[in-house]
Amino acid sequence: EPEVTQTPSHQVTQMGQEVILRCVPISNHLYFYWYRQILGQKVEFLVSFYNNEISEKSEIFDDQFSVERPDGSNFTLKIRSTKLEDSAMYFCASRLTGTANTEAFFGQGTRLTVV
Amino acid sequence: QKEVEQDPGPLSVPEGAIVSLNCTYSNSAFQYFMWYRQYSRKGPELLMYTYSSGNKEDGRFTAQVDKSSKYISLFIRDSQPSDSATYLCAMTANSGGYQKVTFGIGTKLQVIP
């Protein structure tokens, strides 16, 4: 069964460092998303990406964040200068189409710990 | 008012019990409703996906949507210890565009053998 794959599963970084979280969406999907979940809080939307550009972003997704699809398979989230409050689980999701009646499939997540 | 309200629990039930999980929402634009199951430190796993008001059944799971009351429910029959997880309600709007998913905080369920 096709699945969304995320690496690494756990990343520890020092405050102020740059991190890149990687995702391989399901191969024929066209819409890609990043969500995050701070421990004990709800899963929150960060950004959606389609046709090599950001289509929507939340207020959380400030200038410290960027996304990229550097090749035909990977989808990355970069945090330029990490802060303690960036510590969270980051989930990548993909969807075949952009219409609401198609399912979003989530990866297993990357646990980011900023120390 | 939060867009999606969900009681975080925890909810403890004996094995074999019927479990009822609920969410309310405030945004009338939400038209598609989902329930995800999330095990500790794992990604959300889609359980049920509904659009219409009414019931949808899949094995031991029944999803119920009442759009007039902005209220959705998930029922689990004959609950098993393996059902112990956090259950997230989620919804998307039918407003075109890129359909981000809005989640509730999740209800933590423990089924006791």
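What counts, and at which threshold
Residues numbered from 1 in each chain as written. Chains lettered and ligands numbered in written order. Predicted model: local features only at pLDDT ≥ 70, side-chain atom pairs only at ≥ 80, totals over all residues. Heavy atoms only, no water. Contact = heavy atoms within 4.5 Å. Buried area = accessible area lost by both parts, 1.4 Å probe. Salt bridge = Lys/Arg side-chain N within 4 Å of Asp/Glu carboxyl O. Helix = DSSP H or I, 4+ residues; strand = E, 2+ residues; numbered from the N terminus. Nonpolar A, V, L, I, M, F, W, Y, C, P; charged D, E, K, R; others polar. Phe/Tyr/Trp six-rings, centres within 6.5 Å; stacked < 30°, edge-to-face > 60°. Buried < 20%, exposed > 50% of the residue type's maximum accessible area, 1.4 Å probe, protein only.

Moving on to the interface of chain A and chain B. Between chain A and chain B, the contact holds 27 residues from the first and 20 residues from the second. Of the roughly 2,000 Å² buried between chain A and chain B, counting both surfaces, carbon and sulfur atoms make up 58%. Scanning the region where chain A abuts chain B turns up one salt bridge. Between A:E56 and B:K100 there is a salt bridge whose closest N-O contact spans 3.9 Å. Looking at the side of chain A that touches chain B, the element that brings in the most residues is strand β4 (residues 31-37) of chain A, giving four residues. Along the lines of polarity and charge, the residues of the side of chain A that touches chain B split into eleven nonpolar, eleven polar and five charged.

As a further point, take the packing of aromatic side chains. Taken as a whole and judged by the stated rule, the model has 16 aromatic pairs over all chains. Between A:Y35 and A:F45 the ring centres are 5.7 Å apart and the planes differ by 70°, which places this aromatic pair in the edge-to-face class. Here A:Y35 is found in strand β4, whereas its partner A:F45 is found in strand β5 (residues 44-50), with ten residues between them in sequence. A single burial state applies to A:Y35 and to A:F45, both of which are buried. Ring centres of B:Y25 and B:F33 lie 5.1 Å apart, and the angle between their planes is 40°; this geometry places the pair in the tilted category. For the pair formed by B:Y25 and B:F33, the shared burial category is buried. Every member of this aromatic cluster is reached through a ring pair, and the members are A:Y33, A:Y35, A:F45, A:F106, B:Y36 and B:F103.

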